[in-house]
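Okay, here's what each chain looks like letter by letter:
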Amino acid sequence: MIEKDQAIVLRTAPYSNTSRFVLWLTREHGRIATLVKGALRPKSAFIGQFDLFYTCDLLYYTRNHGGVHVARECALLKPRTAFRTQWRACLFASYLADLVSRVLPDGAPAPAVFDWLDDVLDELATGEAAAETTLHAELTFFDRLGWRPVFDRCAICGGPANQTERRAFFAAARGGRVCAMCAPDVRDAQLAPADALIILAGWQGARTPREAKAIRCSPRQARDIAQLLGAFMRHHLDLSPESRSIAFIG
Amino acid sequence: MLEPLEPLIHALARLPGIGRRTAERIALRLARDRSRSMARELTAALQGLETNIICCSRCGAITTTAADPCALCTDPRRVTDLLCVVEDPSDIETIERSGAFRGRYHALMGKLSPMRGEGSRHLGVENLRRRIEEEGFTEVILALNTDVESDATAAFLREILAPLDVKITRLATGLPAGSGIAYSDPVTLSAALRGRRPM
Ligand SMILES: [Zn+2]
Ligand SMILES: [Zn+2]
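The structure displayed is predicted, hence computed values, not measured ones.

Asks: Before we go on, may I ask you to explain the nonpolar core in this structure?
Replies: Counting residues in each nonpolar core, the largest one holds 100 residues, and the members touching the most others are W24(A), F50(A), F53(A) and F83(A). At 11 residues, helix α1 (residues 87-103) of chain A tops the list of elements feeding residues into this core. Residues in contact with W24(A), not counting those within four places in the same chain, are A7(A), I8(A), V9(A), L10(A), G30(A), R31(A), I32(A), T34(A), F50(A), C56(A), L58(A) and C74(A). In terms of nonpolar packing, the next biggest core, distinct from the first, is built from 15 residues, C59(B), I95(B), F101(B) and I141(B) among them.

Below, the structure is given as structure tokens:
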């Protein structure tokens, strides 16, 4: 059978001298793998039509047994050339592609995740505030997977987050912020910078991406937020990808 | 039936370009060779590799423990003020075969690729910087691949090396030999246009 879909390149690897193996996030069919035969031949119709983080129109033959399909045609829609010069943004794009390829199973439709990644890559390709964009993206990614950390109140008693509170707490296992009253009873509660929690609550409460973008953070706050979301990811997705620490720390 | 061959199949399947199927075929072929000559030859070659073959401590090219730094680093007939930076030692082989370059090399042993577990720390940039300062190169040629991550790596290196007193160049990219405008993609074509030169 032939399928046609929009697809984002998550990973590529050599398959033979002239062919490549490509992992895609498609809009309608989720994560799929294809061979791109003859991709590297000088007159191949595939030359320059796909590379990491491109969004493409993909036509492929489905192979149900081996799991690896065969690409028939590919036309690039968005090459996002900025990643070729904005190396910091490229590191974050690489991490997010890795995250998606680890979290999604093969062949399960995930149009919400596709739209999310397509938007985030567009945003990253502007080359501005790559770390912030990525942190905000993680938050919306958790949301799409059904994990919504709580930042605007105490995750245990529901009490309002006290904006003047200096010592705030965060407990990944309890799903977010914990007030000073509840914290002593929570085993994994860690002290968390209140300003980082307030920014996270702001991002979460923003009604539009533009509104979220207006809430900026300093490099120190970005590090704190990365640490909190990292703990959340470790606990709820059982993931702490090396790509994430490379993108955030180097 | 393949159970006794499992360790060998597993080891072979870890090699680049060899999948499970191919690994099984190779293992079976070795197992059914009564004379054992194939296995003996392979064992000797692998043992030789383990004890004698290394990457040059200076440039990363494949060499022997007896010749480290390698001939490419020490040959006085080579040009000493040009440094060609590549991603992988195999790129050194390829460029040498072309005969188009007679200077020194430096293999990064990777590129910026978090998804492959490679970040700036893995590239040994300090080493590269030290070589440029100590060996007095006047030009550093970034001979990296042209995929997204390689391009980003080149941008990173340009930023890191900018403070040094050295000219930094990048290999020209353009239409592949034997190809035509009709076959080229927008990314290549715009790079070729930007890189055009007077004739
Ligand atoms: Zn509470
Ligand atoms: Zn050498």
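Asks: Quick question: what am I supposed to make of the coordination of the zinc ion (ligand 1) here?
Replies: Each angle at a metal carrying four tetrahedral donors should ideally be 109.5 degrees, and each at a metal carrying six octahedral donors should ideally be 90 or 180 degrees. Residues and elements named next belong to chain A. For the zinc ion (ligand 1), every protein donor is listed as C154 (SG), C157 (SG), C179 (SG) and C182 (SG), and the spread of their distances is 2.3 Å. With four donor atoms in place around the zinc ion (ligand 1) and angles of 101 to 115° between them, the coordination shape is tetrahedral. Spacing between the donor residues of the zinc ion (ligand 1) along the chain follows C-x2-C-x21-C-x2-C. In this pair, C157 is assigned in the loop between α3 (130-144) and β6 (167-171) and C182 in the loop between β7 (176-178) and β8 (190-193), connecting sequence segments 25 residues apart. The class of C157 is partly exposed, set by a relative accessible area of 47%.

Asks: Got a minute to help me understand helix α6 (residues 219-236) of chain A in this structure?
Replies: The α-helix winds at 3.6 residues per turn, so residues separated by three or four positions along the chain end up facing the same way. All names here are of chain A. The end-to-end C-alpha distance of α6, which contains 18 residues, comes to 26 Å, matching closely the 26 Å that a straight helix rising 1.5 Å per residue would cover. Taken together, the buried positions of α6 are occupied by Q221, A222, D224, I225, A226, L228, L229, G230, A231, F232, M233 and H236. Close packing links the buried residues of α6 with α1, α3, β6, β8, α4 (194-205) and α7 (242-249).

Asks: Where do I start with the confidence of the model for chain B in this structure?
Replies: In low-pLDDT regions, the fine details of the predicted coordinates are not to be read closely. Summing up the model confidence of chain B, the mean pLDDT is 93 and the portion of residues at 70 or higher is 99%. Per the prediction output, this complex has pTM 0.90; the corresponding ipTM is 0.92.

Asks: Can you help me understand the domain arrangement of chain B in this one?
Replies: The extent of an interface is frequently quoted as the accessible surface area lost upon association of the parts. Domain boundaries in chain B define domain 1 (3-54) and domain 2 (76-170). Here the C-alpha centre of domain 2 of chain B lies 34 Å away from the C-alpha centre of domain 1 of chain B.

Asks: Is there a simple way to think about helix α6 (residues 125-135) of chain B in this case?
Replies: All names here are of chain B. Of all the residues in α6, the buried ones are V125, L128, R131 and I132. One side of α6 holds all its buried residues, which, seen down the axis, span an arc of 120°. Among the exposed residues of α6, those oriented more than 90 degrees off its buried face are E133 and E134. Next to the buried residues of α6 lie α4 (71-74), β3 (82-86), β4 (104-107), β5 (139-142) and α7 (148-161). Positioned one or two residues after α6, G136 has a phi angle of 65°, which is positive.

Asks: Explanation requested: the coordination of the zinc ion (ligand 2) in the structure shown.
Replies: Residues and elements named next belong to chain B. Looking at the zinc ion (ligand 2), the protein donor atoms are C56 (SG), C59 (SG), C70 (SG) and C73 (SG), and they sit 2.3 to 2.4 Å from it. Between the four donor atoms coordinating the zinc ion (ligand 2), the angles at the centre fall across 102 to 116°, so the site counts as tetrahedral. Along the chain, the residues donating to the zinc ion (ligand 2) are arranged with the sequence spacing C-x2-C-x10-C-x2-C. On the criterion of sequence distance, the pair formed by C59 in the loop between β1 (53-55) and β2 (62-64) and C73 in helix α4 is long-range, its members being 14 residues apart. Taking the relative accessible area as the measure of exposure, C73 reaches 6% and is therefore buried.

Scoring rules and cut-offs
Residues numbered from 1 in each chain as written. Chains lettered and ligands numbered in written order. Predicted model: local features only at pLDDT ≥ 70, side-chain atom pairs only at ≥ 80, totals over all residues. Heavy atoms only, no water. Core = buried A, V, L, I, M, F, W, Y, C linked by side-chain atoms within 4.5 Å. Buried < 20%, exposed > 50% of the residue type's maximum accessible area, 1.4 Å probe, protein only. Helix = DSSP H or I, 4+ residues; strand = E, 2+ residues; numbered from the N terminus. Contact = heavy atoms within 4.5 Å. Donors = N, O, S within 2.8 Å, 3.2 Å for Na, K, Ca; no water. Tetrahedral: all angles 85-135°; square planar, octahedral: opposite > 155°, others 65-115°. Expected span 1.5 Å × (residues − 1). pLDDT = per-residue confidence, 0-100. Domains from an automatic or database assignment. Arc of directions from axis to C-beta.

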